[in-house]
Amino acid sequence: MTTVDTAPAKTPALPAQPCPRTPPARRPSGMAVPPQPAPTTLIGSVQRAMRLLETVAAHPYGAPAKQLARATGLALPTTYHLLRTLVHEGYLRRDKGLFFLGDAAERLSSSGAREKRRGRVAETLAHWRDSIGAPMYYAMYRDGEIEVLCVADSRESPAAEEWADFRETGHAHAIGQCLLSQLDEGARREYLARYPVQALTPYTVRDSDALLRRLARVRRMEPVTERQEYALGTVCAAVPITVGTTAATMAISLPAHQADRLLPAAQRLQTEIGRHLGSLALSISI
């Protein structure tokens, strides 16, 4: 598994060019300094539309156009024009002369809330990464696929390299095995029909039947461990998380020479999850 560095690539600095030293033009005595032009990069209509959206959002029971015009300081014809445009685009809706936030604005709001929840999970994983001393992973089984949604690693605790597609190799890594163990047998077989077992290392489970027997033996809420089944030199443990019908997991990985740390670290992670699951329940449903 790898994390994607989303920081913008650094552009190589160009060599400094000498600037000619041109003496400033002399202004005749007494000449007034001409006024500087106002910035032209701001689009007034966009500013006014955003002001209207914010004002409508402050009126959950709706507001008429005249009230919105007074509250925003906009001329009534301008207000009507902007309101019609925002209704047409779905950002507002009109009902009996009152204006409310529309579906498009609600989607923006829910998207922002979702990003906030993602940030909370990322912060929590980063804290546990530092306290436990291992890279952290958060994954879900969603729409029949294994999705790694968040990874927290560092230079001191690098994440395992995703050298084979994680979605297709759930039989080999602890994250996949942990998620599959939370499904019923029919859902497990359906996944394995799409992504058959394949040997990734000499330690990988050999066939679907052997994997299904292993998954059936996993006790509820028991951490799942694998040792070099996905990648040589790496061991991994995953702790199951079930919120409603959502199958999720948080996991750690370590280099194989630290394998004796794996189970104690997984147990500590499980304890931390238990302490914070109530406050994280909504966030982990991202």
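Student: I'd like a description of the pattern of salt bridges, backed by residues and values.
Tutor: This structure, assessed with the given rule, holds 9 salt bridges. When the shortest N-O distance is used, the salt bridge between R167 and D165 registers 2.9 Å. A cluster of three or more residues bridged by salt bridges with shared partners is formed by E145, E190 and R194.

Student: Could you give an account of helix α3 (residues 76-88), with specific residues and numbers?
Tutor: Compared with the 18 Å implied by 1.5 Å per residue over 13 residues, the 18 Å span of α3 between its first and last C-alpha is a close match. Residues of α3 that are buried: T79, L82, L83 and L86. Looking down the long axis of α3, one finds its buried residues gathered within 105° of arc, a one-sided arrangement. Residues of α3 that are exposed and point more than 90 degrees away from the buried face comprise P77, R84 and H88. Where α3 is buried, its residues contact α1 (44-57), α2 (65-72), β1 (92-95) and β2 (98-101). G90, located one to two residues past α3, shows a positive phi value of around 90°.

Student: Tell me what's going on with unusual backbone geometry, and back it up with residues and numbers.
Tutor: Although it is not a glycine, D143 adopts a positive phi angle of roughly 55°. As for its position among the elements, D143 is in the loop between β3 (136-142) and β4 (145-152). Residue class for D143 comes out exposed when judged on its relative accessible area of 75%.

Student: Go over the packing of helix α6 (residues 185-194) against helix α7 (residues 208-217), please, and point to the residues and values.
Tutor: The relative placement of two packed helices is expressed as an angle between their axes plus a distance between the axes. Relative orientation of the contacting elements α6 and α7 amounts to 150°, with a least axis distance of 11 Å. The pairing of α6 with α7 is recorded here as roughly antiparallel in orientation. Between α6 and α7 the crossing geometry is right-handed. Contacts between α6 and α7 pair R188, R189 and L192 from the former with S208, D209, L211, L212, L215 and A216 from the latter. Each residue belonging to the contact of α6 with α7 can be placed in one class, and the counts come to 5 nonpolar, 1 polar and 3 charged.

Student: Now, about the nonpolar core: what can you tell me, with residues and values included?
Tutor: In terms of nonpolar packing, the biggest core is built from 31 residues, with Y141, I175, L179, Y191 and Y230 touching the most fellow members. Contributing elements (two or more residues each) for this core: β3, α5 (174-181), α6, α7, β6 (234-243) and β7 (246-255). A per-element tally of this core places α5 first, with 5 residues. In contact with Y141, not counting residues within four places along its chain, are I146, L179, L180, L183, A187, E190, Y191, R194 and A247. Counting 24 residues, the second-largest nonpolar core is a separate cluster that includes W128, V239, M250 and A266.

Thresholds applied
- Residues numbered from 1 in each chain as written.
- Predicted model: local features only at pLDDT ≥ 70, side-chain atom pairs only at ≥ 80, totals over all residues.
- Heavy atoms only, no water.
- Salt bridge = Lys/Arg side-chain N within 4 Å of Asp/Glu carboxyl O.
- Helix = DSSP H or I, 4+ residues; strand = E, 2+ residues; numbered from the N terminus.
- Expected span 1.5 Å × (residues − 1).
- Buried < 20%, exposed > 50% of the residue type's maximum accessible area, 1.4 Å probe, protein only.
- Arc of directions from axis to C-beta.
- Contact = heavy atoms within 4.5 Å.
- Axes fitted to C-alpha atoms, helices over the stretch in contact; angles between N-to-C directions.
- Parallel < 35°, antiparallel > 145°, perpendicular 65-115°, else oblique.
- Left-handed = near helix turned anticlockwise from the far one by under 90°.
- Nonpolar A, V, L, I, M, F, W, Y, C, P; charged D, E, K, R; others polar.
- Core = buried A, V, L, I, M, F, W, Y, C linked by side-chain atoms within 4.5 Å.

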